[in-house]
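Here is what each chain is made of, one letter per residue.
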Amino acid sequence: MEPQPNPPSDVYADVLIDSIPLAQQRPYTYRVPGAMRERVRVGSAVVVPFGPRQRVSGYVVAYPARAPEGPAREIRELLGDTVVPPALQRLFQWVADYYLCTVAQVYQMALPRGTLNGAVKEKTQLVVTLQDGLSSDLSKRQMQVVGVLTGAGGQMTLADLVRAAQTTPGLLRALEAKGAIAIASQRIWRAPELPNAALGTVLEPTAEQAEAIAAIQAGEPGEVFLLHGVTGSGKTEVYLRTIADTLARREQALVLVPEIALTPQTVARFRARFGDRIAVLHSALGEGERFDEWQRLRNGDAQVGIGARSAVFAPLSRLGLVILDEEHEGSYKQDNAPRYHARDVALQRAAFEGARVVLGSATPSVESYHRAERGDYRLLTLSCRVNERALPPVEVVDMRAELEAGHRSIFSRSLTAALHEHLGRGEQAILLINRRGYSSFVMCRSCGEPVRCPNCSVSLTYHKAGEALRCHYCDHHAAPPERCPSCKSPYIKHFGAGTQQVAEAAAALLPEARIIRLDRDTTTRKGSHQRILGAFAAGDADVLIGTQMVAKGLDLQRVSLVGVMAADASLNLPDFRAAERSFQLLTQVAGRAGRGEIPGRVIVQTYAPDHPSVRAAQAHDFAAFYGREIAEREELRYPPFQHLINVVVSAEEAGVVWKVGEALADRLLAFPELMALGPAEAPIFQLRGRYRVQVLIKTPDLAYARNALREAVRQLERPQGLRLAIDVEPHSLL
Ligand code: ADP
Ligand code: ZN
Ligand code: ZN
C-alpha cells in the first residue's frame, strides 16, 4: 500500500504500539509530520506518544482509508531504517490477503511484543575488569576488592562485585580513577537456557542420506524437496549437513519444528553442531530473551533460526534454506486469527526470497505427498533406518476378543506379558493414551446419558486429583454427581481410561517400575516438559505414559516397547483428516521403539483392528495408506483436490447463529462457482457458552472464493456479540 498523496495537508498512519498489554492492542492513528512523509512506510518503526507516556515504540501497519474524526497526535520520530525487513513486509501482506485478516493482526502475531522496545532501551550491565600494573597507593579496603576480583578471574559484573566484596559503587569508581580497574557498560544477551549437548559428532552419511544432501545442495532457489524418511532414518543429519552448506555460502537458514518444548533433543543437536550461530525463537521465552534472539538474527550475528510455528516470521534477510521438520504436524496451523499454516507461509516466503525448502517427515501429509507425486516438489526418500536397524514389528490386539475371553484389564494379555518381559530386561517402555484425565467420560447406566459440560456440548472428564469432573474446552469443573443429572439414577459409571488411570493401573501391574506421566496436566509449569523427557532419557524412569506428546521426535536407545492403549480414540472423530491423523500418530509412536541396539516391538490395542489406518501402520506401509486416502479425498472433493474455507458463526443465542448462518450461506450461493455447505451445527455446537454453526466452502479456485466471502461478509447484518471466525484451509473441522 502506498501513502495517499492527498489531501496535501495531512497524512495519517495506523501504528501498532509495541509494548502495551495484548488486550489494548489495536492500531492507533497518528498524524505523519510533513518532514517524515517521504520516509514513513508500512513496516517503519516509529516513536509515538501514547496515553500519558511521551515516547513508546511501534510499527506503521497501514494507512487509514479516512482521516480520524478527532484530533490525532503526531509521530515523534522515525527509528532509522525499516525495522521489519522488506521481504517480511511483503510476506505479512500476503498472509493478510490469503487468510482474510488484517495486516495489523499479522504484525501483532509475527513480531513478539517488545521486539522494538529493545531498540529504544537495550538491556546493559556494568562490567568491572582488572587492569594491568597495579598502582601501589591502594587502601586496605581497596586491596581487598582487587583480591576478590582477581579471585574471580579478573572480570565480574559491577553488581556481583559489590555483593561479593561487600563494597560500594563509589569505592569502585575511586579504584577506577586510580587505574586499577576499568568499568564499562556491556550489552547483555539474554540467551535462553538449553540442554547442553556434547559437541556434535559429524556422522558419515549413509548412501541414501548422501543422495538427499547432494540433491538439496544442488537445488535451485525456490525449489521444494519432500524428504520422506522412515522413523530413525537420520533426517536430522540431512538437515544439519544442508544447513552447514548454506552457511558456507554466507546465507541463513530457518528451521521449523512442531513444538520446541517437545523436541529438546532436536534443538540440542542443532546447538551441538552450530553453537552460537543458532537463535531459538519460541513463545515460552521471556520477552527479553526473545527480543535478543530476534535481534541476533536481524543483525546477522546468528545465522540459523530455529523455532516453532511463529518462527516462520524470523527476521532473516539472507534466507537460503527453510527446513520444516515433521511437516505433517497439525501444530503448524494456528487455531486463532490469523489462522495461518506455517508450512504454507514458509513455502510462500521461500518463493519470495529465493530460498530452498525441505519438508521432512516419516508420514508426509496427503497434500504434500500429492504435490510431490505431481512433480511440484522433488521427492527424496530415506527408506531404511541407519545402521541396518529394523523397523519394529507391530502387533495389533483386538480388544473385543480380549473381552470375550473374559479378560477385562485395560492392558491386554499380550501387552501385560511384554511389559514384564521388556522391563525385566532393564529396558524402557512408552505407553500412548490419547486422553488426559482419569476416565474419558462418566455415563449413567440407567439412561445412557453422559455427564455434560453446561457451557459446551462435550462430556466431562473425570480427574482423580481434586476429585473433579472437568471440561477440556472451558474451565468448568464440578464434583462428580452422586446421581445422574438426567434421571436421578445412582448407577453412574466411568468409561474409557485416561492417562491418570493408565498410570495407576501400570503402577499396580508393575510395582517395581518407575513411572512418569507426560500430558497437559503434568506440564503446566515452564520447563516441565524438558524435566520429564530429560528424566526418561536419563533412565530415571522405566515407563513413560502420555498423550500424543510422547509420539514426537524422541530418539532414545533403551526404548524397546511401545504400547498404544486405544487406537480407536482418534479413528472415529468426525473429521476428514481422522484417518490420516490416526495413521500418522500410530506410525510416529511406533517409530520410537528399537532405535538403538535393542530391537523394538509395538503393541496396538484397538476395537477396530481392520481399520485401514491401523492395517497400514502395522505394515509400515505409507503407500497403502496414501493410495486409499487420496482416492477418498478425490471422491469427496476434499483437499488437495479442492480448497476449503470454514466459517464459524457464534453467538450466545442459538436463534441468532442460525439466522446469520443461513443469510451467509444464501449470499455465498449467489456466486455460481462456489459450493457452500450449511449452516450446520459445528461438531461442538456449544462452546464456552456460545452456540456455533458453520458454513463450509469447497472450491477449486481459492482466490475467487476469498473474494466472494469478503463480499458476502460485507453485506451481512451482524447483531451485537456475533462473531465470525474464518478459517482458510482449515486443518480440521472439529
Ligand atoms: P529421524 O529424524 O529420521 O527419525 P534421526 O535423525 O533422529 O532420525 O536419526 C536416528 C538416529 O540415527 C540418531 O541417533 C542419529 O544420531 C543416528 N544417525 C543418523 N545418521 C547417521 C549416520 N549416518 N551414521 C550413524 N548414525 C546416524
Ligand atoms: Zn440417567
Ligand atoms: Zn466446557
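Residues numbered from 1 in each chain as written. Chains lettered and ligands numbered in written order. Predicted model: local features only at pLDDT ≥ 70, side-chain atom pairs only at ≥ 80, totals over all residues. Heavy atoms only, no water.

J.: What's the story with the sheet that holds strand β12 (residues 304-307) in this structure? I'm lost.
T.: For sheets, the rule is that strands pair by backbone hydrogen bonds, running either parallel or antiparallel. Spatially, seven strands are ordered β11-β12-β10-β13-β14-β9-β15 in an open sheet, and the strand pairing comes out parallel. Strands at the two margins of the open sheet, each flanked by one partner only, are β11 (278-281) and β15 (378-382). Each strand of the sheet is rotated relative to its neighbour by a mean of 20 degrees, with strand direction disregarded. Pairing analysis gives four bridges linking strand β10 (residues 252-256) to β12, with the strands arranged parallel. Considered in β12, the bridge of Leu256 is made with Gly307. With respect to the sheet, helix α8 (residues 235-248) is in contact with β9 (224-229), β10, β12, β13 (319-325), β14 (356-361) and β15, its orientation differing from that of β13 by roughly 170 degrees. (Pairing = 2+ DSSP bridges. Helix = DSSP H or I, 4+ residues; strand = E, 2+ residues; numbered from the N terminus. Axes fitted to C-alpha atoms, helices over the stretch in contact; angles between N-to-C directions. Contact = heavy atoms within 4.5 Å.)

J.: Teacher, can you tell me more about the side chain of Thr499 here?
T.: Checked against the element boundaries, Thr499 lands in helix α15 (residues 499-509). Ignoring anything within four residues of it in the chain, the contact list for Thr499 reads Ile433, Arg435, Arg436, Gly437, Arg517, Asp519, Ile545, Gly546 and Thr547.

J.: Hey, could you run me through unusual backbone geometry in this one?
T.: A negative phi angle characterises most non-glycine residues, just as the trans form characterises most peptide bonds. For the peptide bond that leads from Ala337 to Pro338, omega is -5 degrees, which places it in the cis range. Position of Pro338 relative to the elements: it lies in the loop between β13 and α11 (342-353). In this chain, Gly678 is followed by Pro679 through a cis amide linkage whose omega measures 10 degrees. Here Pro679 is to be found in strand β28 (residues 675-687). With a phi close to 50 degrees, Glu326 is a non-glycine residue in the positive phi region. Relative to the elements of secondary structure, Glu326 occurs in the loop between β13 and α11. Despite not being glycine, Lys488 shows a phi value in the positive range, around 65 degrees.

J.: Is there a simple way to think about the environment of Cys101 in this case?
T.: Assignment of secondary structure puts Cys101 in the loop between α1 (86-98) and α2 (103-110). When its relative accessible area of 16% is taken as the criterion, Cys101 is described as buried. Not counting chain neighbours up to four residues away, the residues in contact with Cys101 comprise Val95, Ala96, Val106 and Pro338. (Buried < 20%, exposed > 50% of the residue type's maximum accessible area, 1.4 Å probe, protein only.)

J.: Hey, could you run me through the packing of aromatic side chains in this one?
T.: Aromatic ring pairs are described here by two measures, namely the spacing of the ring centres and the angle between the planes. Enumeration over the complete set of coordinates arrives at 18 aromatic pairs. Each ring, one from Tyr28 and one from Phe50, has its centre 5.0 Å from the other, and the planes form 70 degrees; the classification is edge-to-face. A residue pair is termed long-range when its members are at least 10 positions apart, and Tyr28 in strand β2 (residues 28-32) and Phe50 in strand β3 (residues 45-50) qualify at 22 residues. Pair check on accessibility: Tyr28 and Phe50 agree, each one buried. Ring geometry for Tyr369 and Tyr626: centres 4.7 Å apart, planes at 65 degrees, overall edge-to-face. On the criterion of sequence distance, the pair formed by Tyr369 in helix α12 (residues 366-374) and Tyr626 in helix α20 (residues 622-635) is long-range, its members being 257 residues apart. (Phe/Tyr/Trp six-rings, centres within 6.5 Å; stacked < 30°, edge-to-face > 60°.)

J.: Looking at this structure, I do not really get the sheet that holds strand β30 (residues 723-728). What am I missing?
T.: If you trace the four strands from one edge of the open sheet to the other, you get β28-β29-β27-β30, paired in antiparallel fashion. Edge positions in the sheet fall to β28 and β30, since each of these pairs with one other strand and no more. Shown here is a sheet whose adjacent strand axes are inclined to one another by a mean of 20 degrees, direction ignored. Relative to β30, strand β27 (residues 643-651) runs antiparallel, the two being bridged by six bridges. The residue of β30 that forms the bridge with Ile645 is Val728.

J.: Can you help me understand helix α18 (residues 578-590) in this one?
T.: Between its first and last C-alpha atoms α18 spans 18 Å; for 13 residues at 1.5 Å apiece the expected length is 18 Å, and the two agree. Burial runs high along α18: 12 of the 13 residues are buried. Those residues of α18 that sit buried are Ala578, Ala579, Glu580, Ser582, Phe583, Gln584, Leu585, Leu586, Thr587, Gln588, Val589 and Ala590. (Expected span 1.5 Å × (residues − 1).)

J.: Honestly, the site of ligand 1 in this entry has me stumped. Any pointers?
T.: Ligand 1 sits among 17 residues. The nearest are Glu204, Gln209, Gly232, Lys235 and Asp555. In this structure, a nitrogen atom belonging to ligand 1 sits 2.7 Å away from a main-chain N or O atom of Glu204. In the environment of ligand 1, an oxygen atom lies 3.1 Å from a nitrogen or oxygen atom belonging to the side chain of Arg269. In isolation ligand 1 offers 560 Å² of accessible surface; the protein chains occlude 81% of this area. For the shell around ligand 1, the leading source of residues is α8, giving three residues. Its residues placed into classes, the shell around ligand 1 shows four nonpolar, seven polar and six charged. (Near = heavy atom within 4 Å. Polar contact = N/O pair within 3.5 Å; in protein donor to acceptor, adjacent residues only side chain to side chain. Areas by Shrake-Rupley, 256 points an atom, 1.4 Å probe, with all protein chains shown as cover. Nonpolar A, V, L, I, M, F, W, Y, C, P; charged D, E, K, R; others polar.)

J.: Can you help me understand the coordination of the zinc ion (ligand 2) in this one?
T.: When a metal carries six donors in an octahedron, the ideal angles between them are 90 or 180 degrees, while four donors in a tetrahedron ideally lie at 109.5 degrees. Donor atoms from the polypeptide that coordinate the zinc ion (ligand 2) comprise Cys444 (SG), Cys447 (SG), Cys484 (SG) and Cys487 (SG), at 2.3 to 2.4 Å from the metal. Classification of the site at the zinc ion (ligand 2) rests on its four donor atoms, whose angles at the metal span 106 to 114 degrees, yielding the label tetrahedral. All donors of the zinc ion (ligand 2) come from a single chain, and their spacing in sequence reads C-x2-C-x36-C-x2-C. Linking Cys444 in strand β18 (residues 439-444) with Cys487 in the loop between β21 (477-478) and β22 (492-497), this pair joins segments that are 43 residues apart in sequence. (Donors = N, O, S within 2.8 Å, 3.2 Å for Na, K, Ca; no water. Tetrahedral: all angles 85-135°; square planar, octahedral: opposite > 155°, others 65-115°.)

J.: It is not clear to me how the packing of α18 against α20 should be interpreted in this structure. Could you clarify?
T.: Packed helix pairs are characterised by how far apart their axes lie and by the angle those axes make with each other. Running from amino to carboxyl end, α18 crosses α20 at an angle of 170 degrees, the nearest separation of the two axes being 11 Å. When the axes of α18 and α20 are compared, the pair comes out roughly antiparallel. Across the interface between the two elements, Ala579, Glu580 and Phe583 from α18 touch Phe622, Phe625, Glu629 and Arg633 from α20. Grouping the amino acids of the contact of α18 with α20 by side-chain chemistry returns four nonpolar, no polar and three charged. (Parallel < 35°, antiparallel > 145°, perpendicular 65-115°, else oblique.)

J.: Even after reading the chapter, I still don't get the nonpolar core, so can you show me in this structure?
T.: Counting residues in hydrophobic clusters, the biggest one holds 136 residues, and the most contacted among them are Tyr107, Phe313 and Leu709. Considering each element in turn, this core owes the most residues, seven residues, to α1. Among the nonpolar cores identified, the runner-up in size contains 28 residues, and Phe225, Ala253, Phe270 and Leu380 belong to it. (Core = buried A, V, L, I, M, F, W, Y, C linked by side-chain atoms within 4.5 Å.)

Nothing here speaks to function; it is all geometry.
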